[in-house]
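# Chains, contacts and geometry: an overview
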Amino acid sequence: MALKQVFDPIRKIWVSATPEEIVRQKWIEVMVRHLGFPKELLVVERGVKLLPHLKGASLGCPDRRVDLLAYAKGEEGNLFPLLLIECKCTPLNAKALAQVFGYHHYIQSKFLGLANEDEILIGYQTKEGMQTLKFLPDYSQLLKAMVSPNHS
């Protein structure tokens with residue numbers, strides 16, 4: 001019996017509808033359709049070594065793939081990683097959190113996320129330490145938060 005498939009609008013391909021892929025596609029739809037994330041600035045299931053901002057500096061990067069990565073454009077048009085999200089089809093736990101922090105070591109996104117079908121946690125660094133949200137802000141809010149004096 002063949003697995004069902006789902007169309008990924010970012011990669012523009014049909015992919016197997018695994019439980020984790022269903023979670024990933026749910027959050028892509030929320031991000032693009034409801035929260036204003038530009039499709040052209042989203043990366044899905046891409047090898048860490050192949051990320052645009054790490055090209056040429058990928059030595060030592062793990063041979064792993066990120067679930068979702070939203071980029072933003074800098075003043076000179078260069079891309080920088082805004083939000084990294086690890087998607088899980090299981091309850092969010094310490095092991096999954098360690099995984100997203102492991103990716104963050106290389107990717108250095110401004111915001112981190114951990115999501116399953118029912119919940120999302122967003123983390124970001126401030127002068128007071130790591131802060132978390134239990135919702136995903138829209139794209140423009142994340143961009144504004146980067147320039148706030150409390151966000152480092």
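Residues numbered from 1 in each chain as written. Predicted model: local features only at pLDDT ≥ 70, side-chain atom pairs only at ≥ 80, totals over all residues. Heavy atoms only, no water.

## Some points on the sheet that holds strand β8 (residues 129-133)
As a reminder, the rule being used: For two strands to be treated as a pair, DSSP must find at least two bridges joining them. Numbering of helices and strands runs from the N terminus; a helix is a DSSP stretch of H or I covering at least four residues, while a strand is a stretch of E covering at least two. With axes taken as lines fitted to C-alpha atoms, and helix axes fitted only over the stretch in contact, angles between N-to-C directions fall between 0 and 180 degrees.
Taken together, the 6 strands give an open sheet; going across it, the order is β3-β4-β5-β6-β7-β8, and neighbouring strands pair in mixed fashion. Among the strands making up the open sheet, the edge pair consists of β3 (42-47) and β8. In this sheet, neighbouring strand axes are inclined to one another by 30° on average, regardless of whether the strands run parallel or antiparallel. One ladder, built from 6 bridges, connects strand β4 (residues 65-73) with strand β5 (residues 79-87); its direction is antiparallel. By the bridge assignment, Lys-73 is partnered in β5 with Leu-79.

## Describing the pattern of salt bridges
Pairs may arise between side chains of opposite charge once their charged atoms sit close together. Quick note on the threshold: Note on definitions: salt bridges are taken to be side-chain nitrogens of Lys or Arg within 4 Å of carboxyl oxygens of Asp or Glu. To sort residues, take the accessible area from a 1.4 Å probe on protein chains only and compare it with the maximum for the residue type: under 20% means buried, over 50% means exposed, and anything in between is partly exposed.
Following the criterion strictly, the structure yields 9 salt bridges and no others. When the shortest N-O distance is used, the salt bridge between Asp-8 and Arg-11 registers 2.6 Å. The salt bridge involving Arg-24 is made with Asp-67; its shortest N-O contact spans 2.4 Å. Here the residue Arg-24 occupies a position in helix α1 (residues 19-34), and Asp-67 occupies one in strand β4, the gap between them amounting to 43 residues. A residue is classified by how much of its surface remains accessible, and Asp-67, at 2% relative accessible area, is buried. Salt bridges here are not isolated pairs; linked through shared partners, they connect Asp-8, Arg-11, Glu-20, Glu-21, Arg-24, Glu-45, Arg-65 and Asp-67.

## So, the nonpolar core
To keep it simple, the criterion reads: In plain words, nonpolar cores are sets of buried Ala, Val, Leu, Ile, Met, Phe, Trp, Tyr and Cys residues tied together by side-chain atoms within 4.5 Å. Here, two residues are considered to be in contact whenever any of their heavy atoms come within 4.5 Å of each other.
Counting 36 residues, the largest nonpolar core has Met-31, Phe-37, Leu-68, Leu-83, Leu-84, Ile-85 and Leu-136 as the members making the most contacts within it. The residues touching Met-31, leaving out its near neighbours within four places in the chain, are Gly-36, Phe-37, Leu-42, Leu-68, Ala-70, Leu-83, Ile-85 and Leu-136.

## A word on the pairing of β4
For a regular strand, side chains alternate in direction, first toward one face of the sheet and then toward the other. Counting buried residues in β4 gives 7 out of 9 residues, a clear majority hidden from the surface. Both β3 and β4 contribute to a ladder of 5 bridges, which runs antiparallel. The residue bridging Gly-47 from the neighbouring strand is Arg-65, located in β4. Counting the residues in the hairpin turn of β4 and β5 gives 5 residues, including Gly-77, whose phi is positive at 85°.

## Brief notes about the side chain of His-104
This is how the line gets drawn: Side-chain atoms alone can form a polar contact between residues adjacent in sequence; in general such a contact is a pair of N or O atoms within 3.5 Å, and within protein one must be able to donate a hydrogen while the other accepts it.
Residue placement: His-104 occurs in helix α2 (residues 94-107). Reaching out from His-104, the side chain makes a polar contact with the backbone nitrogen of Ser-109 at a distance of 3.4 Å. Among all residues touching His-104, those that are not within four sequence positions of it are Leu-84, Ser-109 and Leu-112.

## Topic: the side chain of Asn-116
Of note, Asn-116 is situated in the loop between β6 (111-115) and β7 (120-126). Look at Asn-116 and you get buried, because its relative accessible area is 8%. In this structure, Asn-116 is in contact with Val-23, Trp-27, Lys-88, Thr-90, Pro-91 and Leu-92, ignoring residues within four places of it in sequence.

## A few points about unusual backbone geometry
Phi is positive for Lys-12, which is not a glycine, with a value near 60°. Position of Lys-12 among the secondary structure elements: in the loop between β1 (5-8) and β2 (13-16). Within the chain, Gln-108 stands out as a residue other than glycine whose phi angle is a positive 60°. Its location among the elements puts Gln-108 in the loop between α2 and β6.

## Comments concerning a nonpolar patch on the surface
Rules: Only residues whose relative accessible area exceeds 30% and that form no salt bridge are eligible for patches; like-charged ones are grouped when within 9 Å, while nonpolar side chains (Val, Leu, Ile, Met, Phe, Trp, Tyr) are grouped when within 5 Å. Calculation of accessible area relied on Shrake-Rupley with a 1.4 Å probe; when residues are assessed, cover is drawn exclusively from the protein chains displayed.
A cluster of nonpolar side chains, Leu-97, Phe-101 and Met-130, forms an exposed patch at the surface whose accessible area comes to about 250 Å². When you line up the elements, Met-130 lands in strand β8.

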